[in-house]
Amino acid sequence: MAHIIVVGNEKGGAGKSTVSMHIATALARMGHVVGVLDIDLRQRSFGRYIDNRRDFMANEGLNLPTPIYRELPNIHPESLQPGENVYDQRLSAAITGLEREVDFILIDCPGSHTRLSQVAHSLADTLVTPLNDSFVDFDLLARIDPGKNRILGPSVYSEMVWNARQLRAQAGLEPIDWVVVRNRVGAQQMHNKKKMAEAVNSLAKRIGFRVAPGFSERVIFRELFPRGLTLLDLRDIGIQNLNLSNVAARQELRELVKELKLPGVTVDF
């Protein structure tokens, strides 16, 4: 059975598609067969990232390590049994079509609460939640008292993850390994970064997730998307002398993949 990685966050702009693409292509470069699904059926940012990669490789005559991308298949309503949900069946069919031929399935979720996202979370062996390094986005995980900076309780997203964990436990499956990734970290605002680190680490113990380092805010990520490239592709397209920012970004990716502790993965880039 393939190990399922779900990249989820109910807020947009946290870098889910960038994280998804870099994890998937890093695993592919290390020799693993990776299938990927984009269940944001409206915006399809991850799917467009893959499309851009295919177009770039075709135009440049390159063959870069690339995950296997699949669209969710259409399900005819008449084929559904009473009580079955068409979106559940589309996701199930996509996973069934991939799991026997890949080592990992990575699912990129929309930045909103949908039925598909809810089901995907319950299927996750590893859940990766990119979080902008700001208290504006911290309430994705928990409600806080702004006056006393005190955690009042879990957010609706944290409650959804809790429900997904309960469903897995009832089905006799292994617990979800939830990893919150502090993403788009700025070089400045050291006081804010320190307070965010304290708040996230404190909450991790209360609601049961691990904290991993993500990507700093860098221009390179905006430049890579239109060509469908990742940090690990730069030398393959002729950039032999990486600048300091690119080297630091590659190291951030290396640390992120290491911290995910995925089964059978030895980081070697």
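Residues numbered from 1 in each chain as written. Predicted model: local features only at pLDDT ≥ 70, side-chain atom pairs only at ≥ 80, totals over all residues. Heavy atoms only, no water.

Asks: Looking at this structure, how should I read the overall build of the protein chain?
Replies: Summing up its helical and strand segments, the protein chain has 9 helices and 9 strands in all. The C-alpha atoms of the protein chain give a radius of gyration of 19 Å, which matches the 18 Å a tight globule of 269 residues would have. Based on the C-alpha atoms only, the size of the protein chain along its principal axes is roughly 55 × 55 × 35 Å. Across the 269 residues of the protein chain, 50% fall into the buried class. Taking as baseline every contact in the protein chain between residues at least 6 positions apart, the subset at least 24 positions apart corresponds to 74%. Accessible surface, the protein chain: about 13,200 Å² in total, of which carbon and sulfur atoms supply 49%. Side chains of the protein chain carry 33 positive and 31 negative charges; the gap between the two charge centres is 6 Å. (Helix = DSSP H or I, 4+ residues; strand = E, 2+ residues; numbered from the N terminus. Rg over C-alpha atoms; globule rule 2.2 N^0.38 Å. Buried < 20%, exposed > 50% of the residue type's maximum accessible area, 1.4 Å probe, protein only. Contact = heavy atoms within 4.5 Å. Areas by Shrake-Rupley, 256 points an atom, 1.4 Å probe, with all protein chains shown as cover. Lys, Arg positive; Asp, Glu negative; His and termini not counted. Charge placed at Lys NZ, Arg CZ, Asp CG, Glu CD.)

Asks: Mind showing me how you'd approach unusual backbone geometry here?
Replies: The general pattern is negative phi for most residues beyond glycine and trans for most peptide bonds. With a phi angle near 55°, Arg-44 is a residue other than glycine that sits in the positive phi range. Turning to its location among the elements, Arg-44 is positioned in the loop between strand 2 (34-38) and helix 2 (45-60).

Asks: I'm lost on the pattern of salt bridges in this one. Help?
Replies: Side-chain pairs of opposite charge can arise where the charged atoms are in close proximity. Inspection of every chain in the model, using the stated rule, returns 13 salt bridges. For Arg-29, the salt bridge identified is with Asp-233, shortest N-O distance 2.8 Å. You can see Arg-29 sitting in helix 1 (residues 16-29) and its partner Asp-233 sitting in the loop between helix 8 (219-224) and helix 9 (244-260), a full 204 residues away along the chain. A relative accessible area of 0% places Asp-233 in the buried class. (Salt bridge = Lys/Arg side-chain N within 4 Å of Asp/Glu carboxyl O.)

Asks: I'm lost on the sheet that holds strand 3 (residues 68-70) in this one. Help?
Replies: Strand pairing within a sheet occurs via backbone hydrogen bonds; the two strands may be parallel or antiparallel. The strand order across the open sheet built from 7 strands is 3-2-4-1-5-8-9, with neighbouring strands paired in parallel fashion. Across the chains shown, the open sheet's two edge strands, defined by having one partner strand only, are strand 3 and strand 9 (210-213). If you compare each strand with its neighbour and ignore which way they point, the axes differ by 25° on average. Sheet analysis places strand 5 (residues 126-132) next to strand 8 (residues 177-183), joined by 7 bridges and oriented parallel. Within the sheet, the bridge partner assigned to Thr-126 lies in strand 8 and is Asp-177. Against the sheet, helix 1 touches strand 1 (3-7), strand 2, strand 4 (104-108), strand 5 and strand 8, its axis set at about 170° to strand 4. Running over the sheet, helix 2 touches strand 2, strand 3 and strand 4 and is turned about 130° from strand 2. (Pairing = 2+ DSSP bridges. Axes fitted to C-alpha atoms, helices over the stretch in contact; angles between N-to-C directions.)

Asks: In this structure, what is going on with the packing of aromatic side chains? I would like to understand it.
Replies: Ring pairs (aromatic) are described by centroid distance and by the angle formed between their planes. Summed over the entire model, instances satisfying the criterion amount to 4 aromatic pairs. The interplanar angle of 65° and the centroid separation of 6.3 Å between the aromatic rings of Tyr-157 and Trp-178 together place this pair among those described as edge-to-face. One end of the pair, Tyr-157, is in helix 6 (residues 156-170); the other, Trp-178, is in strand 8, with 21 residues separating them in the sequence. Of the two residues, Tyr-157 and Trp-178, both sit in the buried class. (Phe/Tyr/Trp six-rings, centres within 6.5 Å; stacked < 30°, edge-to-face > 60°.)

Asks: Explain the environment of Thr-114 to me, please; I cannot follow it from the model alone.
Replies: Residue placement: Thr-114 occurs in the loop between strand 4 and helix 4 (115-123). Judged by relative accessible area, Thr-114 falls into the partly exposed class, the value being 26%. Residues Thr-114 and Glu-10 lie 104 residues apart in sequence; the distance between their C-alpha atoms is 9.2 Å.

Asks: How should the nonpolar core be read in this particular structure?
Replies: Nonpolar side chains in soluble globular proteins tend to end up buried together. If you look at the biggest cluster of nonpolar residues, it comprises 41 residues, and the most contacted ones within it are Leu-27, Val-36, Leu-106, Leu-224, Leu-256 and Val-265. Broken down by secondary-structure element, the contributors of at least two residues to this core are strand 1, helix 1, strand 2, helix 2, strand 4, strand 8, helix 8 and helix 9. With 6 residues, helix 1 is the single largest residue contributor to this core. If you look at the next biggest cluster of nonpolar residues, it comprises 39 residues, including Leu-131, Leu-141, Ala-142 and Met-160. (Core = buried A, V, L, I, M, F, W, Y, C linked by side-chain atoms within 4.5 Å.)

Asks: Would you take a moment to explain the packing of helix 1 against helix 9 for this structure?
Replies: Packed helix pairs are specified by the crossing angle of their axes together with the interaxial distance, meaning the distance between the axes. At a closest axis distance of 11 Å, the pairing of helix 1 and helix 9 adopts a crossing angle of 75°. For the element pair helix 1 / helix 9, the angle class is roughly perpendicular. Of the residues in helix 9, those touching helix 1 at Val-19, His-22, Ile-23 and Ala-26 are Leu-253, Leu-256, Val-257 and Leu-260. Its residues assigned to classes, the contact of helix 1 with helix 9 shows 7 nonpolar, 1 polar and no charged. (Parallel < 35°, antiparallel > 145°, perpendicular 65-115°, else oblique. Nonpolar A, V, L, I, M, F, W, Y, C, P; charged D, E, K, R; others polar.)

Asks: Looking at this structure, how should I read the packing of helix 4 against helix 6?
Replies: Remark: helix 4 packs on helix 6, axes separated minimally by 8 Å, with the N-to-C direction vectors making an angle of 50°. On the basis of the axis angle, helix 4 is oblique to helix 6. As for the relative orientation of helix 4 and helix 6, their crossing is right-handed in sense. Packed against helix 4, whose contacting residues are Ser-117, Gln-118, His-121, Ser-122 and Leu-123, the element helix 6 presents Tyr-157, Met-160, Val-161, Ala-164, Leu-167 and Arg-168 at the interface. Among the residues making up the contact of helix 4 with helix 6, the classes are represented as 6 nonpolar, 4 polar and 1 charged. (Left-handed = near helix turned anticlockwise from the far one by under 90°.)

Functional significance is not addressed by these values, which are geometric in nature.
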